[in-house]
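Examining the three-dimensional arrangement
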Amino acid sequence: MTFLGLIRKSAVRKPLRGSLLIVSVAMAFLIYGLTASFIAGSQGTAAASDDLLGVMNAAGRAQPLPLAYLPRITELQGVAAVSPITRLRGSVGDARNVVAVSAGNPDKLLAVSGKELGLTNAMVDALDDGRDKVLVGRALAQAQGWSIDDTLTVTAFRTRKADGSRDWRFEIAGIFDGKSPSTDTYFILAQYDYINNARGKNRDTVSTFALRPEPDVSPQQLAPRIDALFANSAAPTRTLSEKQFLSAFLSQYADVKRVVTLVVSVSFVTLLMIVVNTLVFALRERRFEIGVLKVLGFRSSRIMMMVLAEALFVFLVGGTIGICLAKLASLAAPPALGLVLDTNVALRAFALIFLLGLTSGALPALSAMRTPILSAFRTR
Amino acid sequence: MTTLKTESPFIALSGVSKTYRTGNESLPIFTNLDMTIQGGDFVAVMGPSGSGKSTLLNLLAGIDHADTGDIQIAGQRLDHMGEAARAAWRAHHLGIVFQFYNLLPMLTAAENVELPLLLKPIPASVRRERVAKVLDLVGLGGRGKQNPTRMSGGQQQRVSIARAIVADPSLLLCDEPTGDLDRKSADDVLAMLGYLNRELGKTIVMVTHDPEAANAANRTLHLDKGVFVENEQVAA
Ligand SMILES: Nc1ncnc2c1ncn2[C@@H]1O[C@H](COP(=O)(O)OP(=O)(O)O)[C@@H](O)[C@H]1O
Ligand SMILES: [Mg+2]
């Protein structure tokens, strides 16, 4: 037997209690892992860029802007590339299977957000190859089981063709991966011209202009200059970075997120309090044993370390199980949920495991250290 | 392995006083107690219940403090040491045997015996050998893997004796080691303590109620109302 063996035997002396403790910790960290993955995932703004700007109608995101603004924005000093974007939302097959289509100018899309979306020249050429060609993000393609050359029909919620039909037929020309795993790739890239020419209403308008500033130009300074151009037009603009845009967009979910986070934190804390409580009570039963160890010549400091190590053991085993389960869940969950359990989330989780292991071990450990030998015997 | 019999006594208490205070009541146990025990002695301490026998052993083990007085064991002043130093001192010099064995229930007999060795820089293989050797010595060879909670009282007490001697201490303190045993088991345990004293030279101080247990010792001290009454005996 070694010290570690003694600690392990001590921690699992009552198999039922030991397993329940470990399961509680595992559940707490499963919850934690899922929430952290959710926040780190594509639903968040972590991967969004601060460099890219979007020009929208100041009256609201749903209001269009005239395509005629395009040359004036393109000519502005400090603008590297601009693509008109029109958005279309609809369903594929099942009405609940919602997808989003962003239609832009292929060449300009490459120049504006090619890096962020992981677009290549070959992909853009393939997109340009026919007017109904589209590029599909990896997450969406995986979720739907689509591959290159598949055709799909998006039934738009609002955007009708000139003939009144809401069915838009596309052919998949490529699949893009995004720069990092947390890049949102749950959407379709289509051609602006195709949708613009075919639609019955709102022709020659855009949902937004996506633009990339020159490398040495600050997006924060460029944005007000763009908005100044149109300040006195019929449709004034509001220019935001992609990150600001996403944050604003997400704020409609923010309350839900806040509630979810709150509920999760409360259950997390409750589980941990149960664990600490159990550890403290388990220790009461052991005052006698601690006394025995002290009589045998174990120093108080060593006994304190042992009790601390026991708590750490419970947290490490339980926490690792919980994080592994969360990882499995993040792999198995539909990509639309955007769960990303990356190294960062895992590292933070393990830091938390150590921290909580030590803090919940601290109280029992201190009381074990302070237990006088004699009172230890009197509990007999 | 015999302990040297030197001129200065192995254990020397002088002017030791101890009073228990609970709330505003105070219960004096010893006032100005003197006592000496030579190295290699086997001393029985007898006396009525509540006379302070366990308190005396606790003082000798350094797990309780005297209010005043000197406690010197093997040339070291116990009353001058801090808690950590006393723990280290116990690990080196002392083995303790209790009436109720005080074995840890989640460990096997061998693991219980091994505990004191964990505090020493001894490789695992040597630890295992030593544990096997002392378990043999107490007549439990081959029973190491058994859980002590499933052993008889006599066997548990032998495990606890093995644990007390595994680190080869010079002093054994026993608090009613036969108090919970039937006659046969008690005699086995007493024979074993006698062997440890005679053959291995351990100094033993044993608190007991049992006159037969006292017979196994070669000196008996009677403790009553905080004073010793000596009663020398010839070793059997
Ligand atoms: N920690 C303590 N606090 C208060 N009184 C105590 C304490 N320990 C022992 N006593 C009392 O001191 C007296 C002597 O106890 P003890 O040494 O255990 O006696 P013995 O072992 O001779 O029966 C008893 O009356 C006991 O109740
Ligand atoms: Mg007693």
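These numbers were taken from a predicted model, which means no experiment stands behind them.

What follows deals with helix α8 (residues 219–229) of chain A. Residues and elements named next belong to chain A. Among the residues of α8, those classed as buried are P219, L222, A223, I226 and D227. The buried side chains of α8 occupy one side of the element, clustering within an arc of 135° when seen end-on. The outward face of α8, more than 90 degrees from its buried face, is lined by the exposed residues Q221 and A228. Lining the buried residues of α8 we find β1 (53–57), β3 (79–91), β10 (208–213) and β11 (237–241).

All names here are of chain B. Ordered in space as β2-β1-β4-β5, the four strands form an open sheet in which the pairing is antiparallel. If you trace the sheet from one side to the other, it starts and ends with β2 (25–37) and β5 (76–77), each paired once. Of the pairings in the sheet, the one linking strand β4 (residues 68–73) to β5 comprises two bridges and is antiparallel in character. Its bridge partner being in β5, I73 is matched across the sheet by Q76. The strands touched by helix α1 (residues 53–61) are β1 (11–22), β2 and β4; relative to β2, the strand with the most contacts, the crossing angle is about 60°.

With that settled, consider the confidence of the model for chain B. Residues and elements named next belong to chain B. Taken as a whole, chain B shows an average pLDDT of 90; of its residues, 94% reach a score of 70 or greater. Confidence scores differ between elements of chain B, with strand β10 (residues 227–232) showing the lowest mean pLDDT of 72 and helix α3 (residues 109–114) the highest of 97. Among the scores for the predicted complex, ipTM is 0.89 and pTM is 0.67.

In this fold, S300 of chain A is placed in helix α11 (residues 300–332). Judged by its relative accessible area of 12%, S300 of chain A falls in the buried class.

Turning next to the interface of chain B and chain A. Residue-level contacts link 26 residues of chain B with 23 residues of chain A. Of all residues in chain B, M106, L118 and L119 of chain B bury the most surface against chain A, accounting for 26% of the area lost on that side. The interface formed by chain B and chain A contains one salt bridge. E111 of chain B serves as the salt-bridge partner of K9 of chain A, at 2.7 Å between the closest nitrogen and oxygen. Along the contact surface separating chain B from chain A lie six residue pairs in polar contact (both at pLDDT 80 or more). Mapped by element, the contributors of at least two residues to the side of chain B that touches chain A are α2 (83–93) and α3 of chain B. It is α2 of chain B that contributes the most residues to the side of chain B that touches chain A, six residues altogether. When the residues that make up the side of chain B that touches chain A are grouped by side-chain class, the tally is 17 nonpolar, two polar and seven charged.

A few words now on the pairing of β4 of chain B. All names here are of chain B. Relative to β4, β1 is paired through five bridges, and the arrangement is antiparallel. When the bridges of β4 are listed, S17 appears paired with T68. Hairpin remark: β4 followed by β5, antiparallel, with two residues in the connecting loop; positive phi at A74, about 50°.

It is worth spelling out a nonpolar patch on the surface at this point. Residue and element names in this part refer to chain A. On the surface, a cluster of nonpolar side chains totalling about 580 Å² of accessible area is made up of V23, M27, V317, I321, L325, L328 and L331. Those elements that provide at least two residues to the nonpolar patch are α2 (15–40) and α11. Sort the elements by how many residues they give to the nonpolar patch and α11 lands first, with five residues. Note on placement: L328 falls in helix α11.

What follows is about the pattern of salt bridges. Should their charged atoms come close, side chains of opposite charge can pair. Counted under the stated rule, the structure contains 18 salt bridges over all chains. A salt bridge links R219 of chain B to D41 of chain B; the shortest N-O distance between them is 3.7 Å. Placement of the pair is R219 of chain B in strand β9 (residues 219–224) and D41 of chain B in the loop between β2 and β3 (42–46), with a sequence separation of 178 residues. One connected set of salt bridges, linked through shared partners, spans R13, R286, E289 and E310 of chain A.

Analysis parameters
Residues numbered from 1 in each chain as written. Chains lettered and ligands numbered in written order. Predicted model: local features only at pLDDT ≥ 70, side-chain atom pairs only at ≥ 80, totals over all residues. Heavy atoms only, no water. Buried < 20%, exposed > 50% of the residue type's maximum accessible area, 1.4 Å probe, protein only. Helix = DSSP H or I, 4+ residues; strand = E, 2+ residues; numbered from the N terminus. Arc of directions from axis to C-beta. Contact = heavy atoms within 4.5 Å. Pairing = 2+ DSSP bridges. Axes fitted to C-alpha atoms, helices over the stretch in contact; angles between N-to-C directions. pLDDT = per-residue confidence, 0-100. Buried area = accessible area lost by both parts, 1.4 Å probe. Salt bridge = Lys/Arg side-chain N within 4 Å of Asp/Glu carboxyl O. Polar contact = N/O pair within 3.5 Å; in protein donor to acceptor, adjacent residues only side chain to side chain. Nonpolar A, V, L, I, M, F, W, Y, C, P; charged D, E, K, R; others polar. Patch = residues over 30% accessible without salt bridge, like charges linked within 9 Å, V, L, I, M, F, W, Y side chains within 5 Å. Areas by Shrake-Rupley, 256 points an atom, 1.4 Å probe, with all protein chains shown as cover.

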